[in-house]
Amino acid sequence: MFTAVGWLDPWYYIGYGLNYDNPDFLDDYYKISRLPWILIEYFVRDNFSYYYSGVIIQMTLMMGTTAAMYAALFRTIGRTGALFGVLFYATYVYSYASGGADYHNGCGGLFFALSWICAIRAGETQASARWTVATGAMIGLSVHSIIVMVNLAPIPIVFLLAQYRTLNHRWPPIAKTLLWLASGALLVTALLCIVNWSVGRNPLFFLLQFKLASSFIADSSHQTAWWHDWGTPWYLSVNRLYLIPAAAGLAVTFPLAFYIWKSEKNKTRRDIALLYVLLYAFYGALWIFWQSVGQTALDWIYFAYPLIFPLSGLVGAAASVHAEKLDREAGIYFSLIPAFSVFLVLAPFALHPVFYFEMTDKLFFAVIGFNFLFLVFILARGVGRWQSTFASGLLCSVAISILNYNAGRGEIDHFKRDSCHYNAINGAAIEEAHRFLRESGFGFDRILIWGDANESVRLPLCPGAPGSVSLGQIWPSLVSTGFRYVAAPWEAKKLEEISIRRFQEISENPTLIVQVSNSLISAEELRNRFAVVASAEMPGQINSHQLKTLPLKLYFFEVGGMKQK
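Overview of the structure. (Residues numbered from 1 in each chain as written. Predicted model: local features only at pLDDT ≥ 70, side-chain atom pairs only at ≥ 80, totals over all residues. Heavy atoms only, no water.)

## Remarks on the side chain of Q515
Let me state the cut-off plainly: Runs of E in the DSSP output that reach at least two residues are strands. Runs of H or I that reach at least four are helices, and both are numbered from the N terminus. Summary of the burial criterion: residues with accessible area below 20% of their type's maximum are buried, those above 50% are exposed, and those between are partly exposed, where the area comes from a 1.4 Å probe applied to protein chains only. Contacts between residues were defined by any pair of non-hydrogen atoms, one from each residue, lying within 4.5 Å.
Here Q515 shows up in strand 5 (residues 511-517). A relative accessible area of 2% places Q515 in the buried class. Look past the residues within four positions of Q515 in its chain and what remains in contact with it is W450, G451, D452, S522, A523, L526, K553, L554 and Y555.

## Notes on the packing of aromatic side chains
Put simply, the test is: A pair of aromatic rings is counted whenever rings of Phe, Tyr or Trp (Trp by its six-membered ring) have centres within 6.5 Å, and the orientation is called stacked for planes under 30 degrees apart, edge-to-face for over 60 and tilted otherwise.
Here the structure, examined in full by the defined rule, presents 30 aromatic pairs. Relative to Y50, the ring of W11 has its centre 6.4 Å away and its plane inclined at 5°; by these criteria the two rings are stacked. Here Y50 lies in helix 3 (residues 50-91) and W11 lies in helix 1 (residues 9-19), a separation of 39 residues in the sequence. Summarising the burial analysis for this pair, W11 and Y50 share the class buried. Ring plane angle 90° and centroid distance 5.3 Å describe the contact between Y16 and F25, whose orientation is recorded as edge-to-face.

## Observations regarding the pairing of strand 6 (residues 543-546)
Regular strands place their side chains on alternate faces of the sheet. What counts here: Only strands joined by at least two bridges in the DSSP assignment are considered to pair.
Pairing analysis gives four bridges linking strand 6 to strand 7 (residues 553-559), with the strands arranged antiparallel. Of the residues in strand 7, the one forming a bridge with S544 is Y555. Between the antiparallel neighbours strand 6 and strand 7 lie six residues.

## So, the nonpolar core
Which entries qualify depends on this criterion: For our purposes a nonpolar core is just a set of buried Ala, Val, Leu, Ile, Met, Phe, Trp, Tyr and Cys residues, chained together by side-chain atoms within 4.5 Å.
L437, I449, I474 and I513 are the most contacted members of the largest nonpolar core, which totals 83 residues. Excluding residues that lie within four positions of it along the chain, I449 makes contacts with L437, W475, L478, V479, F483, R484, Y485, V486, V514 and V516. If you look at the next biggest cluster of nonpolar residues, it comprises 48 residues, including A113, A246, Y280 and Y283.

## Details of the pattern of salt bridges
Selection rule: Here, a salt bridge means any side-chain nitrogen of Lys or Arg that lies within 4 Å of a carboxyl oxygen of Asp or Glu.
Under the defined criterion, the tally for this structure stands at 13 salt bridges. Measuring nitrogen to oxygen at the nearest pair gives 3.4 Å for the salt bridge that ties D271 to R270. Residues R438 and E439 are paired through a salt bridge, measuring 3.8 Å at the closest nitrogen-oxygen approach. Looking at R438, the relative accessible area reads 26%, which means it is partly exposed.

Right under this line is the structure:
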């Protein structure tokens, strides 16, 4: 729900969200090419506080993606397949926590899911211009958000053709359909170019991302710092839990396809279910291919993330076999499941801080389990098959709940819930500090920040959360909102490790130096390092600003002479 402190990439997008209408803010940095995500961040963060911005953005992404996926699966394989497909998506935490709450993956997933349902509607409406253009537009937005999604672009197109052929017993006019699809993608790209140009930014925003991705494909050595070859058992690491469902799905594709072929008597449903299974087999093989040729396709969740969509389709296809009776008889109960689930997810966030909803890890685990038991109960009630449905559903419920709980256990910065919104407090402090510093009169590239990783700041007391947080987590995230380092933490962990040459470089131009600390002595030590630079004027006096969100100060002073007017 809220980006963890200590992470870097998601904080760049928060910085863009706070400063998108300022063309001097990181216009030449490649992350501006994820423009759809940046615009969402900007429109929300420009109108709401940090807390409610996080709630609105994440709830919109999670619920919007789930709803679009449910609609796509429902219109192709029925209620049962759709329900279990989206249940798998919703309980697989990496599907919406890949890269952090403010990382661009969630946005690309939403647009892809929308392209999927638009394509199916296009197939149902004789490949009408409206729905076909909308499909192309959603594909364009998805690729602009995550360029890796270009691999999944064929999925909505395949379902458009399949749905059209299923209903009309012939193929649509291929050339005309592809033209409408391309028109949608080009139209939305043109609109994004105009929006970027209207605020004084480079209209050809997408070139930076294209250049980066093409360089990675042309020369995989750019990724050697993150890539692992198959000769090392990296895939057996506890940090690669996200690969378990992906590998299991790939292992069952051909047995499942054979089972569907032999068992499903409804030819239309059988063919669509087989399409879901075979598509996942194709994409599983494609991701293995990319990994094998030196691309970080599987050994980082950011890049393996797109597989969740065809994998959810495979799960839905497996659940849809012989499910026509269940679809008919349990129809009313399917509407109760999402309503109950939405309440359980929204309540802790929507009611805070008006109502202090305390949800510890054990309580959250119990809620997950109870939610699945409720699902099993109403399904069993709907079809009247108490023993077999309830027993198998109970086992699946407990297994999924335990797996879901353990995936986030001990990872308070990533997935774990607690009663005082740990990341929300820290994030609000970083946003407050960012807003204060940007009013200083210095450009973003002339505000340099430093902090001592050995210093910590106390957090409000609440059960389930740590009593303090290291400044080594807070100040790099603050820098990532658009400022610069005095010295990056991977280059110097202590003040004495920074070379005098670095202080000389900084002092050549008017610069605001910021120390994130509660120690005036630490700020004075930093100022003294600038004071010994012979070729520079004496640094200015130290001033301080007390943050309201956390018991933490910003000490700051000028170097390099008087600041520019």
